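Read off the chains here:
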Amino acid sequence: MSSLIQTTLALPPHPNPNLTTPCTLFTVLTSSTTLNHLKQVHAQILRSKLENSNSVLLKLVLSSCTLSTSLDYALSVFCQIQNPETHLCNKFLRELSRSTKPEKTLLVYEKMRRDGLTMDRFSFPPLLKAVARVSGFSVGSEIHGLASKMGFYSDPFIQTGLVGMYAACGQIMEARLVFDKMSHRDVVTWNIMIEGYCQSGLFDDVLELFEEMKSSGVEADQMILCTILSACGRARNLSYGKAVHEFIMENNIAIDSHLQSAIVNMYSSCGAMDLARQIYDQISSKNVVVSTAMVSGYSKFGQVEDARLIFNQMIKKDLVCWSAMISGYAKSDQPQEALKLFNEMRHLGIVPDQITMLSAISACAHLGALDQAKWIHIFVNKNGFGGALSVNNALIDMYAKCGSLDRARGVFENMPRKNVVSWSSIINAFAMHGDANNAISFFHKMKEKNIEPNGVTFVGVLYACSHAGLVEEGKKIFSSMTSEHGIIPEHKHYGCMVDLYCRANLLREALELIETMPLAPNIVIWGSLMASCQIHGEVELGEFSAKRILEVEPDHDGALIVLSNLYARERRWEDVGQMRKLMSRKGIFKEKACSRIELNNEIHQFFMADRYHKQADQIYEKLEDVVSQLKLVGYTPNTSVILVDVEEDEKKELVLSHSEKLALCYGLISGNKGSSIRIVKNLRICEDCHNFMKLVSKVYEREIVVRDRTRFHHYNDGLCSCKDYW
DNA sequence: AGACATGCAC
């Protein structure tokens, strides 16, 4: 304690340093606004031999712990008090449980237990609140036990605290048990229970409980309506959300800005952007929250440009709305724009948090540029996000998508804690790179470590089998899904199996599976079949599956594109023309093929036959040179991949100007000799380019890594890691 | 009240 006095004496004097009586002390204490002043007052107390006056010291503690910076000081003072009165302890607990460091509440609780201090029913609500905030389930159940032992099991405030504590610790069943035992529930209790279901993602229970609450005669307040609307949004339950909106209107419930935001957010989360917009436009003073709800809605449902318009109009922008906009670009496949915004935000002095980082990392993953990825990884470590589980999971995916399986694996191996997402991500990383053996072996390792695979894990493993032609292994794993893990296969899993059979040219098995599976085939299944038919040129079956898709979704762009490709392969140009007309009438366009290459921290982008690049002349010169070199080892352009009705010579020219070939030639001109050439393409690589890459890797002795729409091809010495099976 | 990491096919 003496050291404290030493330091405090050096501080500037308190405005009223002459403290002699407890009475003046009180007055000064309540007017003390800084920690330094408090410490001076404390010194005065000690000097005036008032040290044993518990009430003075406690008052000091209580007024100081409202200052968030002085928590530790408050604790140290508290610890010196001999026998604090219970009601003052409770007040201290309450302040701590609301503070920025709720875990300190539990330290005080432990001290109180150790010192045998008295607790009463008012001690428990703050303790439970603190447990809820730190998700300390084990100490929470201990406190529950203590409360019961002391006979407080029917105190409604303690019961409400217990419900909140269990819900916050993810123990929703326990929470419900306490809730059901309660004889008096007010709107707060209902709200906590409903919010608990919301946090656990049990939206059906949310709505069910809300109905129960209304019929039990408890009136819904604005707070609970916000919770319900948020649940509707997260569950994408538009019809219930609309009903809640109507309920609000019919019952003349006052709509404050919170509730208004909740309504707009419900519509925008459900993708009902027109309805969201109607309400949004009527709001005269739009705050940052409601605007962010619009930005996020437009972003999620593919209208990133509309999101940007709102974003640009916003006067005040906080971290959340920057994050929403960045994530919007990352999701809309505009990773460069996402990263540009990320940097703009940082230059404005806004410090990213973990959620912003997840979107920025995801943007790097989409971009597929390894140098950029390394940069963000360094940024992550420098800014203290390196230990976060979800950040590391995102990094695994990012490195995998940037072509560095080694780095993805490095992140995975160095993680102190791994969850099912980490394992699924690394399995998928192997799958993407065509390393089915490791994908399968990691799947087994994960089970040995008692991490339960989930539906997504199986998508990764089955995808690996499918892309490596491992039919038997895939079948075994698929059946273990139900028999060993109790996971009921969904459409996407049947889709993987259909794909597995089709790639192995086992169309009969694929059809049999579709006919015998317990689910009605949907777009996913038909899409999978259709895609495989396109690869194998199975026109009849492909046409059949495409038509099934169009029955459900007449504007399905994939089906129309594949159909037109299939007709083109058959040289049915009239049918092709009709498809093209239909597509342009519906406003559907084939995505333009585009390849990117990253060199010296710059990203160069190429479209088919484009001459936008400033070194275009050199690139086309190099292309001619490469083609003649390859012809010496037997290359001839494969024009069967060109699906437009033009002369053979023109087809040759078209196939030679594919964007990945341009990117490759630029890499050959500008990259360091001996370094690998990394290309990212938005669509599936065609057979001719695939062959071209193989030959270049041999003739020019360069490693080439190409990421296409779904996977990686590593070309070395004339061979591809996909073993020509993709 | 608003932003969030793993996933089939096109």
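Residues numbered from 1 in each chain as written. Chains lettered and ligands numbered in written order. Predicted model: local features only at pLDDT ≥ 70, side-chain atom pairs only at ≥ 80, totals over all residues. Heavy atoms only, no water.

**Side note on the overall build of chain A**
Within chain A, the regular secondary structure consists of 39 helices and six strands. Dimensions along the principal axes, computed over C-alpha positions, put chain A at roughly 105 × 60 × 55 Å. Considering chain A as a whole, with its 726 residues, one finds that 50% of them fall into the buried category. When contacts within chain A are restricted to residue pairs at least 6 apart in sequence, those whose partners lie at least 24 apart make up 62%. On chain A, roughly 34,900 Å² of surface is accessible, and the fraction owed to carbon and sulfur atoms is 51%. A distance of 6 Å separates the average location of the 77 positive side-chain charges in chain A from that of its 80 negative side-chain charges. (Helix = DSSP H or I, 4+ residues; strand = E, 2+ residues; numbered from the N terminus. Buried < 20%, exposed > 50% of the residue type's maximum accessible area, 1.4 Å probe, protein only. Contact = heavy atoms within 4.5 Å. Areas by Shrake-Rupley, 256 points an atom, 1.4 Å probe, with all protein chains shown as cover. Lys, Arg positive; Asp, Glu negative; His and termini not counted. Charge placed at Lys NZ, Arg CZ, Asp CG, Glu CD.)

**Description of the protein's contact with DNA strand B**
The full set close to DNA strand B counts 43 residues, and Asp318, Lys331, Asn428, Tyr463 and Lys492 are the nearest of them. A breakdown of the atoms of DNA strand B within 4 Å of the protein gives sugar and phosphate a share of 52%. At a separation of 3.5 Å, a base nitrogen of DNA strand B approaches a polar side-chain atom of His258. Contacts to DNA strand B include Ser261, whose side-chain N or O atom sits 3.3 Å from a base nitrogen. (Near = heavy atom within 4 Å. Polar contact = N/O pair within 3.5 Å; in protein donor to acceptor, adjacent residues only side chain to side chain.)

**Some remarks on the domain arrangement of chain A**
By domain assignment, chain A separates into domain 1 (1–82), domain 2 (85–184), domain 3 (345–416), domain 4 (417–586) and domain 5 (594–720). Each of domain 2 and domain 4 was reduced to a C-alpha centroid, and the two centroids are 50 Å apart. (Domains from an automatic or database assignment.)

**Points about the UniProt feature "domain: DYW" (unreviewed entry) in chain A**
Sites flagged by UniProt as "domain: DYW" (unreviewed entry) map to residues 634–726. Span residues 634–726 is 37% helix and 17% strand, its end C-alpha atoms 23 Å apart. (UniProt positions renumbered as here; feature names shortened; annotations may be inferred.)

**Remarks on the sheet that holds strand β3 (residues 677–681)**
If you trace the six strands from one edge of the open sheet to the other, you get β2-β1-β3-β4-β5-β6, paired in mixed fashion. Two strands bound the open sheet, and with one partner strand each, they are β2 (602–607) and β6 (719–720). Two strands pair when backbone bridges link them, and strand β1 (residues 594–599) and β3 are joined in this way by three bridges, in the antiparallel orientation. The residue bridging Ser595 from the neighbouring strand is Lys681, located in β3. (Pairing = 2+ DSSP bridges.)

**Observations regarding the side chain of Thr457**
Mapped onto the elements of the fold, Thr457 is located in helix α28 (residues 455–468). Apart from residues lying up to four places away in sequence, Thr457 is in contact with Val420, Ser424, Ile427, Phe443 and Met446.

**Topic: unusual backbone geometry**
For Ala609, which is not glycine, the phi dihedral falls at a positive 60°. Structurally, Ala609 can be placed in the loop between β2 and α36 (616–632). Non-glycine residue Glu701 carries a positive phi angle of around 50°.

**Regarding a negative patch on the surface**
Taken together, Asp645, Glu647, Glu648, Asp649, Glu650 and Glu653 make up a surface patch of like negative charges. Locating Glu653 in the fold gives a position in helix α37 (residues 648–656). Since its relative accessible area comes to 61%, Glu653 is described here as exposed. (Patch = residues over 30% accessible without salt bridge, like charges linked within 9 Å, V, L, I, M, F, W, Y side chains within 5 Å. Salt bridge = Lys/Arg side-chain N within 4 Å of Asp/Glu carboxyl O.)

**Here's the deal with the UniProt feature "repeat: PPR" (unreviewed entry) in chain A**
The feature "repeat: PPR" (unreviewed entry), as given by UniProt, occupies residues 186–220, 287–317, 318–352 and 419–453 in the numbering adopted here. Note that residues 186–220 is 74% helix and 0% strand, and that its end C-alpha atoms are spaced 10 Å apart. Here residues 287–317 runs as 74% helix and 0% strand, with 10 Å between its end C-alpha atoms.

**Considering the pairing of β2**
By the bridge criterion, six bridges tie β1 to β2 in an arrangement that is antiparallel. Bridge pairing in β2 links Cys594 to Phe607. Counting the residues between successive antiparallel strands, the hairpin from β1 to β2 contains two residues, one of them, Asn600, with a positive phi of roughly 45°.

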